[in-house]
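The residues making up each chain are set out below.
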Amino acid sequence: MSVLGKPPAGDELLAEIQRLKEERNAVILAHYYQKPEIQDLADFVGDSLDLSRKAAATDAEVIAFCGVRFMAETAKILSPEKTVILPDMDAGCSLEDSCPPDQFKAFREAHPDHIALTYINCSAEVKALSDIIVTSSSAQQILDQIPLDQPIIFGPDRHLGGYLARKSGRDMLLWPGICIVHQAFSETELLKLKAEHPGAPVAAHPECPPHIIDHADHVGSTSSILKFCSETDSDTVLVATEPHIIHQMEKARPDKTFIGVPGGDGNCNCNMCPYMALNTLEKLYVALRDLEPRIEMSDELMDAARLPLQRMLDMAGGTVGMGDVGKPLFKKD
Ligand code: 13P
Ligand code: SF4
């Protein structure tokens, strides 16, 4: 915490964050896995793709990113002239940790005919070593634009990669990373919930392992799960993703019941992301006050990582051409 003293509490804390936000000309972006009080204060709450788009388009001078580090890095890469702050710099991601850049580089070099389609949940260094970045909401659409005879490495999430491979019938070389949160969902607990709530659909994130996905009625990104939950006719939905998103579901449909699938034996909090949980209102206040912790990367790294990110934005926008990123990766038929 800063030498400037302790943050205020309660309503004063909320008012001070608003005041600092205006003073700094800042925008607060938050992921659906953030604590409800952060989601409620944010200017925009979204999934990884929506947040990348917002970061690329904002006029604000400061982006206060309430999410994890790879998301804040993405915001900085897409808006390098902005100051990007993250309330807690230790807010990492197990998928990022599972993919050290030197090992990923060696893997790529061992498969020179493959392109690297890489999940956004990775370091800026791994992005710089990749051809196209995807999010869970854009992965299928982007994969469909890659010629069928093009060999592909997909990393670092083997469950998202495996899900896409099964759905598309394409054989991709998968990096063996996992999300510790989605990996922990218990099939036993899910089956108990299904028995207690007969007919309740299951909505799951594709970071879940196949034994959870196999029970799902809807599989998609956080925004797609939120849409499904808001639109379903069912009174109760079983939610197999990080449970802080239930806050948005309850706001959208207060008439329905949303039940988070537990992790482990159902008695732990292991379905909650420990990295996302590091951000608090107090740390957000300090970050806006001090403009620290700040995301900093070399221009060289940002330039290299921007290319595959820009391809994602272009391809997710529905255009097969590569927009302003120069040479297309694939020949058009
Ligand atoms: P999306 O919000 O893009 O679905 O990603 C979920 C996630 O794991 C964020 O870390
Ligand atoms: Fe990473 Fe999983 Fe947390 Fe998302 S939920 S930030 S993938 S550890």
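Scroll up to find the structure.
Residues numbered from 1 in each chain as written. Chains lettered and ligands numbered in written order. Predicted model: local features only at pLDDT ≥ 70, side-chain atom pairs only at ≥ 80, totals over all residues. Heavy atoms only, no water.

Visitor: Which parts of the structure should I look at to understand the state of the cysteines?
Guide: A covalent bond bridging the sulfur atoms of two cysteines is what the word disulfide describes. For the structure shown, the criterion picks out one disulfide. Cysteine cysteine 208 shares no disulfide, and the gap to the nearest cysteine sulfur, in cysteine 179, comes to 8.2 Å. A relative accessible area of 1% means that cysteine 208 is categorised as buried. (Disulfide = S-S within 2.5 Å. Buried < 20%, exposed > 50% of the residue type's maximum accessible area, 1.4 Å probe, protein only.)

Visitor: Explain the pairing of strand β12 (residues 257–260) to me, please; I cannot follow it from the model alone.
Guide: Consecutive side chains of a regular strand alternate in pointing toward one face of the sheet and then the other. Where strand β11 (residues 236–240) and β12 come together, four bridges link them in parallel fashion. In the strand pairing of β12, leucine 238 is matched with isoleucine 259. One crossover worth recording links β11 to the parallel β12 by way of helix α14 (residues 246–252), and it is right-handed. (Pairing = 2+ DSSP bridges. Helix = DSSP H or I, 4+ residues; strand = E, 2+ residues; numbered from the N terminus. Right-handed = clockwise from strand over helix to strand, strands pointing away.)

Visitor: Got a minute to help me understand empty space enclosed by the protein in this structure?
Guide: Any empty space left between the atoms is revealed when a probe the size of a water molecule rolls over them. In total, this model carries two cavities of 30 Å³ or more according to the counting rule given. Taken as a whole, the largest cavity encloses approximately 240 Å³ of empty space. The wall of the largest cavity is formed by 27 residues, among which Tyr33, Met71, Asn121, Glu207 and Met276 lie closest to the centre. Where the lining of the largest cavity is concerned, the elements lending two or more residues are α3 (48–57), α4 (69–78), α5 (94–97) and α10 (180–183). For the lining of the largest cavity, the element with the most residues is α10, which contributes three residues. When its residues are assigned to classes, the lining of the largest cavity shows 14 nonpolar, 11 polar and two charged. (1 Å grid on protein atoms, 1.4 Å probe; cavity = no way out; pocket = protein on both sides within 12 Å on 5 of 7 lines; lining within 4 Å. Points joined across faces, edges and corners; volume = space filled by probe spheres on them. Nonpolar A, V, L, I, M, F, W, Y, C, P; charged D, E, K, R; others polar.)

Visitor: I'm lost on the site of ligand 2 in this one. Help?
Guide: Near ligand 2 you find Tyr33, Val68, Cys93, Ser94, Leu95, Asn121, Cys179, Val181, Glu207, Cys273 and Tyr275, and these make up its full shell. Because more than half of its atoms lie within 2 Å of the grid, ligand 2 is assigned to the largest cavity. Considered class by class, the residues forming the shell around ligand 2 number eight nonpolar, two polar and one charged. (Near = heavy atom within 4 Å. Sits in = over half its atoms within 2 Å of the grid points.)

Visitor: Whenever I open this one, the sheet that holds strand β9 (residues 202–204) confuses me. Can you help?
Guide: One key point about sheets: their strands pair by backbone hydrogen bonds, in either a parallel or an antiparallel sense. Spatially, β10-β9-β11-β12 is the arrangement adopted by the four strands of the open sheet, whose pairing is parallel. Of all strands in the sheet, those bounded by a partner on one side alone are β10 (218–219) and β12. Against the sheet, helix α11 (residues 187–196) touches β9, β11 and β12, its axis set at about 175° to β11. (Contact = heavy atoms within 4.5 Å. Axes fitted to C-alpha atoms, helices over the stretch in contact; angles between N-to-C directions.)

Visitor: Explain the site of ligand 1 here, please?
Guide: Near ligand 1, the surroundings consist of 14 residues, among which His31, Ser136, His205, Glu207 and Thr222 are the closest. At 2.8 Å from an oxygen atom of ligand 1 is found a side-chain nitrogen or oxygen belonging to histidine 205. Relative to its unbound accessible surface of 300 Å², ligand 1 loses 96% to contact with the protein. Using a 2 Å cut-off from the grid points, one finds that ligand 1 occupies the largest cavity. Here the residues of the shell around ligand 1 are counted per class, giving five nonpolar, seven polar and two charged. (Polar contact = N/O pair within 3.5 Å; in protein donor to acceptor, adjacent residues only side chain to side chain. Areas by Shrake-Rupley, 256 points an atom, 1.4 Å probe, with all protein chains shown as cover.)

Visitor: Would you mind showing me how to read the packing of α3 against α4 here?
Guide: The relative placement of two packed helices is expressed as an angle between their axes plus a distance between the axes. Two numbers describe how α3 lies on α4: the axes approach to 8 Å, and their chain directions differ by 35°. Note on packing geometry: the crossing formed by α3 with α4 is right-handed. Residues Ser48, Ser52, Ala55 and Ala56 of α3 pack against Met71, Thr74, Ala75 and Leu78 of α4. (Left-handed = near helix turned anticlockwise from the far one by under 90°.)

Visitor: Can you help me understand the packing of helix α1 (residues 10–24) against helix α15 (residues 281–290) in this one?
Guide: Their axes nearest at 9 Å, the elements α1 and α15 cross at an angle of 30°. By the angle between their axes, α1 is roughly parallel relative to α15. In the packing of α1 onto α15, the handedness of the crossing is left-handed. Residues Leu13, Leu14, Glu16, Ile17, Leu20, Lys21 and Arg24 of α1 form the contact with α15, whose own contacting residues are Leu281, Glu282, Leu284, Tyr285, Leu288, Arg289 and Asp290. Each residue belonging to the contact of α1 with α15 can be placed in one class, and the counts come to eight nonpolar, no polar and six charged. (Parallel < 35°, antiparallel > 145°, perpendicular 65-115°, else oblique.)

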